[in-house]
Amino acid sequence: MIDLQEVHLSAVIDAVRANQRFLCISHVAPDGDAVGSLLGMGEILTMLGKEATLALADGVPDNLTFLPGAERVVSADGVGDVYDCIIVLDASSPDRMGNVYREDAHGKSPLVVIDHHVTNTYFGDVDWVEPRCAAVCQMLVYLAQRLGVSLRGNLAEDLLTGLVTDTLCFRTSNTTADVLGAATVLMENGAQLSAITARTLNNKPFRSLKLWGEVLPGARLAERVLWVTVAPEQLAAAQATAGDLELSSVLSAVAEADISATFIQKTDERKAPVVECSFRAKPGFNVSDTAFALGGGGHPAAAGCTVPGTLEKAVPPIVAQLQQARAQQATGQ
Ligand code: 5GP
Ligand code: MN
């Protein structure tokens, strides 16, 4: 059984027991672990007789609205000012909370961070960070067990969803026996693995395929780094949005590459050009250091960042950084 950060887990349990009104937040551009852990935390608090507001800056993505409790999630305009305690899930740094966290209103409340990113910046008053857990949803299995909360029903379904999406259905290199143990507990409590897989990983819109058709002819491979760029015109041609790309598991299955990347041209709130970068590494390679150095974060095998600039200017130096990191890692330097 995994050695948990007991001191920090106990501090989370104390904060849950001592407070009544919670604001729970997960990260911008939420994935299955963000939504699953947010809804799971909401279930745990509700079962303990607490009040919880569940907030996501970008709302629940369409493919996750099936999850029990998804209708409880509010965006910034549904977040109040006064809470006893704020719990942040699956966010490695404060910027990942987006506009649902307001320092002026919320800065006075204790901040509890529950996360599994190796790049976590420890920005809470309590920081329970377990990089050996494949998902925050795995951490919440242990938290529920410690709090004596039943996993049966909605909680099991929410938590297994995050485990399935963050491990690509138990295929990533961080899928340990403990991950499978947590998943088994959730299935024993009624979560349906095949239904969750069908509704998350095996549920891409046709326009994703059309977008792959637009961008894959431009795929490049050099020094065992594979990369794809996505321009706004290509999104328009496929009648797709950046969220439809979902190309990373395709790229990371290519035999000739150890590291893969997608770069999407976007603009920030001030309409300045930015490039959203998503990196993947094969077992034995690491992209979290590069992402962190570029102002982002993530895991050794999956990380990302957003940098200023255009594809033309921003991509070549980042590719060079990835190639250099890969070469160093290959020789064990
Ligand atoms: P993805 O490539 O699927 O968007 O993200 C892979 C991993 O990197 C996720 O764990 C995600 O949380 C992290 N990540 C992606 N973009 C950013 C970013 O801009 N900042 C931080 N801190 N983490 C990121
Ligand atoms: Mn996660």
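From a predicted model like this one, the values you see are computed outputs, not experimental measurements.

Trainee: Explanation requested: the coordination of the manganese ion (ligand 2) in the structure shown.
Mentor: In ideal tetrahedral geometry, four donors around a metal make angles of 109.5 degrees, whereas ideal octahedral geometry with six donors gives angles of 90 or 180 degrees. Bound to the manganese ion (ligand 2) on the protein side are D33 (OD), D90 (OD), H116 (NE2) and D166 (OD), at distances that span 2.2 to 2.4 Å. When the donors of the manganese ion (ligand 2) are listed by position in the chain, the intervening gaps give D-x56-D-x25-H-x49-D. Of this pair, D33 sits in helix α2 (residues 32-47) while H116 sits in the loop between β5 (111-115) and β6 (126-129), placing them 83 residues apart in sequence. According to the relative accessible area criterion, H116 is buried, its value standing at 1%.

Trainee: Got a minute to help me understand the nonpolar core in this structure?
Mentor: Nonpolar side chains in soluble globular proteins generally cluster together in the buried interior. Among the nonpolar cores identified, the biggest contains 58 residues, and M41, I87, I114 and L143 are the most heavily contacted of them. A total of nine residues in this core trace back to one element, the largest contributor, which is helix α4 (residues 136-147). If we skip the residues at most four places from it in the chain, I114 touches V12, M41, I87, V88, L89, D90, W128, V136, M139, L140 and L143. Core analysis: the second largest hydrophobic core is formed by 22 residues, V225, F285, V287 and V315 among them.

Trainee: Mind showing me how you'd approach the site of ligand 1 here?
Mentor: Taken together, 15 residues form the shell around ligand 1, and within it S92, H117, S278, R280 and A303 come nearest. Between R280 and ligand 1, the recorded distance is 2.8 Å, taken from a side-chain N or O atom to an oxygen atom. G297 is positioned such that a nitrogen or oxygen atom in its backbone is 3.3 Å from a nitrogen atom of ligand 1. In the complex, the protein chains occlude 77% of the 500 Å² of accessible area that ligand 1 would expose alone. At the level of elements, β10 (273-281), β11 (297-298) and β12 (302-308) are the ones that each hand at least two residues to the shell around ligand 1. When residues of the shell around ligand 1 are assigned to their parent elements, the largest contribution, five residues, is made by β12. Split by residue class, the shell around ligand 1 holds three nonpolar, 10 polar and two charged. Split by domain, the residues of the shell around ligand 1 number at least three in each of domain 1 (6-199) and domain 2 (206-332).

Trainee: I'm lost on the packing of aromatic side chains in this one. Help?
Mentor: The final tally for this structure, using the stated rule, is one aromatic pair. Taken together, a centroid distance of 6.3 Å and an interplanar angle of 70° make the contact between F263 and F279 edge-to-face. Of the two residues, F263 is situated in strand β9 (residues 259-267) and F279 in strand β10; the sequence distance between them amounts to 16 residues. Taken individually, F263 and F279 each receive the classification buried, so the pair is uniform in this respect.

Trainee: How should I be thinking about the environment of Q265 in this particular structure?
Mentor: Assignment of secondary structure puts Q265 in strand β9. Residue class for Q265 comes out buried when judged on its relative accessible area of 16%. A sequence separation of 153 residues divides Q265 from V112, and the C-alpha atoms of the two residues are 34 Å apart. Among the polar contacts listed, one links the side chain of Q265 to the backbone nitrogen of L311, at a separation of 2.8 Å.

Trainee: Explain the domain arrangement of the chain here, please?
Mentor: Accessible area lost upon the coming together of the parts serves often as the stated size of an interface. Segmentation of the chain into domains returns domain 1 (6-199) and domain 2 (206-332). A straight line from the C-alpha centre of domain 1 to that of domain 2 covers 27 Å. Every contact between the two is made by seven residues of domain 1 and, on the other side, nine residues of domain 2. When the buried area of domain 1 at its contact with domain 2 is split by residue, V118, T119 and S173 rank highest and sum to 53% of it. Here the residues of the side of domain 1 that touches domain 2 are counted per class, giving two nonpolar, five polar and no charged.

Trainee: What is the right way to read the pattern of salt bridges from this model?
Mentor: As a working rule, side chains carrying opposite charge can pair if their charged atoms are close by. In this structure the tally under the stated criterion is eight salt bridges. Across the pair K204 and E246 runs a salt bridge, and its minimum N-O distance is 3.6 Å. You can see K204 sitting in the loop between α7 (193-199) and α8 (206-215) and its partner E246 sitting in the loop between α9 (232-237) and α10 (248-251), a full 42 residues away along the chain. For E246, a relative accessible area of 35% corresponds to the partly exposed category. Note that D258 is salt-bridged to R326, the shortest N-O span being 2.7 Å. Taken together, the residues span a long stretch of sequence, with D258 in the loop between α10 and β9 and R326 in helix α12 (residues 311-330) at a distance of 68 residues. Take D258 and R326: they sit in the same class, and that class is buried. Ionic contacts of the salt-bridge type, sharing partners, join the residues R224, D258 and R326 into one network.

Trainee: I would appreciate a short explanation of the pairing of strand β1 (residues 21-25) in the present structure.
Mentor: Counted residue by residue, β1 has four buried out of five residues, so it is predominantly covered. When β1 meets strand β2 (residues 51-55), the two strands line up parallel, connected through five bridges. What sits directly across from I25, in β2, is A55. In this region the chain leaves β1, passes through α2 and returns to the parallel neighbour β2; the handedness of that crossover is right-handed. Note that β1 and strand β4 (residues 85-89) share four bridges and pair parallel. The residue bridging I25 from the neighbouring strand is V88, located in β4.

How each quantity is defined
Residues numbered from 1 in each chain as written. Chains lettered and ligands numbered in written order. Predicted model: local features only at pLDDT ≥ 70, side-chain atom pairs only at ≥ 80, totals over all residues. Heavy atoms only, no water. Donors = N, O, S within 2.8 Å, 3.2 Å for Na, K, Ca; no water. Helix = DSSP H or I, 4+ residues; strand = E, 2+ residues; numbered from the N terminus. Buried < 20%, exposed > 50% of the residue type's maximum accessible area, 1.4 Å probe, protein only. Core = buried A, V, L, I, M, F, W, Y, C linked by side-chain atoms within 4.5 Å. Contact = heavy atoms within 4.5 Å. Near = heavy atom within 4 Å. Polar contact = N/O pair within 3.5 Å; in protein donor to acceptor, adjacent residues only side chain to side chain. Areas by Shrake-Rupley, 256 points an atom, 1.4 Å probe, with all protein chains shown as cover. Nonpolar A, V, L, I, M, F, W, Y, C, P; charged D, E, K, R; others polar. Domains from an automatic or database assignment. Phe/Tyr/Trp six-rings, centres within 6.5 Å; stacked < 30°, edge-to-face > 60°. Buried area = accessible area lost by both parts, 1.4 Å probe. Salt bridge = Lys/Arg side-chain N within 4 Å of Asp/Glu carboxyl O. Pairing = 2+ DSSP bridges. Right-handed = clockwise from strand over helix to strand, strands pointing away.

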